[in-house]
Amino acid sequence: MLGKKSVRYITIIAATLSVLWLLSLGWAIQDYYAGATDHVVKKQDRSQKTVIKNHMFTVVALGDSLTRGTGDDSGKGYVGYVADDLNERFNGSIVVQNLGINGQVSSQLKKQVKQPNIQRQLAEADIILLTIGANDLFQQGRTLENFDLATIKTIEDAFVKNITTIFTDIRKANPDATIFFVGLYNPFIDVDETGVTSPTVRDWNRIAEEVSSTYPRIVFVPTYDIFQLSVNDYLFTDKFHPNQEGYRLMADRIAPLIKWEGESK
Amino acid sequence: MNKLIANEMMKLVARKRLLVIGAIVGILVILFTFAQYKEVQTQREKLGTDDWRDSLQQQIIDMQNRLGSSRISDDWREQIQVSVQQLQFYLDQDINPSEPGAVTFVRMFIENSTDLFIPLLIMIVASDLVSSEHTLGSVKLLLTRPVKRWRILLSKYMTLLLATSLIVTMTGLLSYVISGIVFGYHGWNAPIITGFVVDGGNVDTSSIRLISQWKFLLMDFGLVWFVAVVVGTLAFMLSVLIRSTAASMGVMLASLVSGAILNNMVSSWESAKYFFMVNLKLTNYLNGVAPPITGMTLLSSMSVLLIWWAAALVLSFFVFTRQDVY
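In this text the structure is predicted, and so the values were computed from the model without any measurement.

Trainee: Please explain the nonpolar core as it appears in this structure.
Mentor: It is characteristic of soluble globular proteins that their nonpolar side chains tend to be buried jointly. Ranked by size, the top nonpolar core spans 104 residues in total, and within it B:Leu160, B:Leu223, B:Met252, B:Phe276, B:Leu282 and B:Leu305 carry the most contacts. Considering each element in turn, this core owes the most residues, 19 residues, to helix H10 (residues 213-241) of chain B. Aside from chain neighbours lying at most four places away, what touches B:Leu305 is B:Phe226, B:Val227, B:Val230, B:Phe276, B:Asn279, B:Leu280 and B:Leu282. Membership of the second largest hydrophobic core comes to 39 residues, among which are A:Leu62, A:Ile166, A:Ala177 and A:Ala208.

Okay, structure coming up:
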């Protein structure tokens, strides 16, 4: 049983605390509605930010749903399979940053690579994987429905401009890392009776490869041929994204090209 | 009056309720500390880096991918959009929104316990302040004294306020001391961004300010204390109206839990904002989290709570002074 004295102390402490919390409450309301404006955040000078290169082999993946791995039941996508392969060869010392966003088009990616933090992550990369353009060209299938060469030409021109900026920005952040730019396949090759989509996709790939070749250390990885003969075997049920098998074949193209001095012999 | 309060405090301390509450808080904090620690570890393993910027970036990308899905509801989409913009702002400013340390843990813990956990703790004390006197039969002894009835009730209410302050403080202290063992006792001066104005799915960052975490924590505690007082007063009223402790606890518990459920589904039922239970998450306003019903503000929520508080208080005194006791 506590004595009278300690009860009294507890009461006094409790009373003091009550006053403290009441004051805090008043402060919270005052600050919320009439907060001092002198602490307003100013744009920071980010130029001094130093990049500390980690010792792990770093893969940064950028782009759309293909980078994300949409359609793969295991959720890995080609990035995941490339990472699996590298993990085996490099004794597990790799880091993967998958920055792919479903439905991303080249204009959005252009903004994404300008973000300071993305630039920092790119600077740390040893290789960069990139898929972009499928959503620009196909627009969720709308391009095929109203097929018009003039529209495609305008889309193509905008894409070339965007991708040029993207490559320039990536190279600014990281002049050394090899970029693997994955080309488009034609998911509509079986359903397209008029046969207009295949030349369009081929043409698109040719232009994309040409732009890539004007920058150092960009490898254009074709995927058109993988899906050319038996497209339905390698497509997910949405008939647009690759399935697990399709992603595996894509990864098999890229993974052997990646070399690192830390590789175990 | 002082003697009455001292008497009530004596009863409170003697019943060891506060110790029980302390034990509950202690156990929960240990659980959450462990959970948090595990989460940090798995995150580290998954991403392969220690850099908080990488994990924050990944969090943003994951949310953006969820936005791309067509199967999510509009409300949920707006919430995610708001979070993405806020996190992106933290990232652009190079500020870690959850700087590791005991202080951040306390902040997270106290913010997440405003609407259910802390009210429950207060309820343990408040629900039987009056009704237990009925159950024990000691109310007759109390009322036969030459003291006005309202003074007796007032002394009980003052005790409740004191107990509320003690419980809120105890929760803060215990979570600081226990989580600090794992996360370290730092983070008082970590910068926190406040002043996000949420409007639909958009975040207005024009009135954004940076404040130290200890200031933010104090404000959080002020709001949490206010909520605790209001909920405590309501439980106190029930304890006067319903003479059975179990029944008054049950009613209070039901309304608190219903509030937690309602919060997720009331967005299209506008008049629900007059319920006290959907207004309990006051700390969300400081964090810039969108309120459950559009149009709710800190002031409107506090006014609703104040009205409930005043009504409960008036009703308690009115009933207690007129009640027949047998």
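Trainee: Sorry, what's going on with the interface of chain A and chain B here?
Mentor: Often, the extent of an interface is quoted as the loss of accessible area on bringing the components together. Each partner contributes to the interface: chain A provides 48 residues, whereas chain B provides 46 residues. Both faces combined, the contact of chain A with chain B buries some 4300 Å², and carbon together with sulfur accounts for 64% of it. At the surface where chain A touches chain B, the tally comes to 3 salt bridges. With a closest N to O distance of 3.1 Å, B:Arg209 and A:Asp31 form a salt bridge. Here chain A is connected to chain B by 13 residue pairs in polar contact (both at pLDDT 80 or more).

Trainee: Help me understand unusual backbone geometry in this model?
Mentor: As a rule of thumb, non-glycine residues mostly have phi less than zero, and peptide bonds are mostly trans rather than cis. Residue and element names in this part refer to chain B. Despite not being glycine, Lys16 has its phi angle at roughly 60°, a positive value. Accessibility expressed as a relative area gives 49% for Lys16, which makes it partly exposed. You will see that Asp94, though not glycine, has its phi angle at about 60°, which is positive. Among the structural elements, Asp94 can be located in the loop between helix H4 (74-92) and helix H5 (102-113). Residue classification places Asp94 among the partly exposed residues on the basis of a relative accessible area of 29%.

Trainee: Help me understand empty space enclosed by the protein, please; the structure alone is not making it clear to me.
Mentor: Picture a little ball the size of a water molecule; that probe, rolled over the atoms, points out where space is still empty. This structure, assessed with the given rule, holds 3 cavities of 30 Å³ or more. Computed from the structure, the largest cavity encloses a volume of approximately 80 Å³. Looking at the largest cavity, the residues that line it are B:Glu8, B:Lys11, B:Leu12, B:Arg15, B:Arg17, B:Val125, B:Asp128, B:Leu129, B:Ser132, B:Glu133, B:Lys156 and B:Thr159. The leading source of residues in the lining of the largest cavity is helix H1 (residues 2-14) of chain B, at 3 residues. For the lining of the largest cavity, a count of residues per class yields 3 nonpolar, 2 polar and 7 charged. Here the second largest cavity defines a volume of roughly 70 Å³. Taken together, A:Asp64, A:Ser65, A:Leu66, A:Ala134, A:Asn135, A:Phe138, A:Leu184, A:Tyr185, A:Pro187 and A:Phe240 form the lining of the second largest cavity. Sorting the residues of the lining of the second largest cavity by element identifies helix H2 (65-68) and helix H6 (134-138) of chain A as the ones contributing at least two each. With 3 residues, the top contributor of residues to the lining of the second largest cavity is H6(A). A per-class count over the lining of the second largest cavity returns 7 nonpolar, 2 polar and 1 charged.

Trainee: Just checking my understanding: could you explain the pattern of salt bridges for this structure?
Mentor: Pairing is possible between side chains that carry opposite charge, provided their charged atoms lie close to one another. All names here are of chain B. Using the criterion set out here, one finds 19 salt bridges over all chains in the structure. Between Glu133 and Lys156 there is a salt bridge, with its nearest N and O atoms 2.7 Å apart. Pair noted here: Glu133 is in helix H7 (residues 131-136) and Lys156 is in helix H9 (residues 149-183), with a separation of 23 residues, a long-range link. Each member of the pair, Glu133 as well as Lys156, carries the same accessibility label: buried. What emerges from the salt-bridge pattern is a single network uniting Glu8, Lys11, Glu133 and Lys156.

Calculation rules
- Residues numbered from 1 in each chain as written.
- Chains lettered and ligands numbered in written order.
- Predicted model: local features only at pLDDT ≥ 70, side-chain atom pairs only at ≥ 80, totals over all residues.
- Heavy atoms only, no water.
- Core = buried A, V, L, I, M, F, W, Y, C linked by side-chain atoms within 4.5 Å.
- Buried < 20%, exposed > 50% of the residue type's maximum accessible area, 1.4 Å probe, protein only.
- Helix = DSSP H or I, 4+ residues; strand = E, 2+ residues; numbered from the N terminus.
- Contact = heavy atoms within 4.5 Å.
- Buried area = accessible area lost by both parts, 1.4 Å probe.
- Salt bridge = Lys/Arg side-chain N within 4 Å of Asp/Glu carboxyl O.
- Polar contact = N/O pair within 3.5 Å; in protein donor to acceptor, adjacent residues only side chain to side chain.
- 1 Å grid on protein atoms, 1.4 Å probe; cavity = no way out; pocket = protein on both sides within 12 Å on 5 of 7 lines; lining within 4 Å.
- Points joined across faces, edges and corners; volume = space filled by probe spheres on them.
- Nonpolar A, V, L, I, M, F, W, Y, C, P; charged D, E, K, R; others polar.

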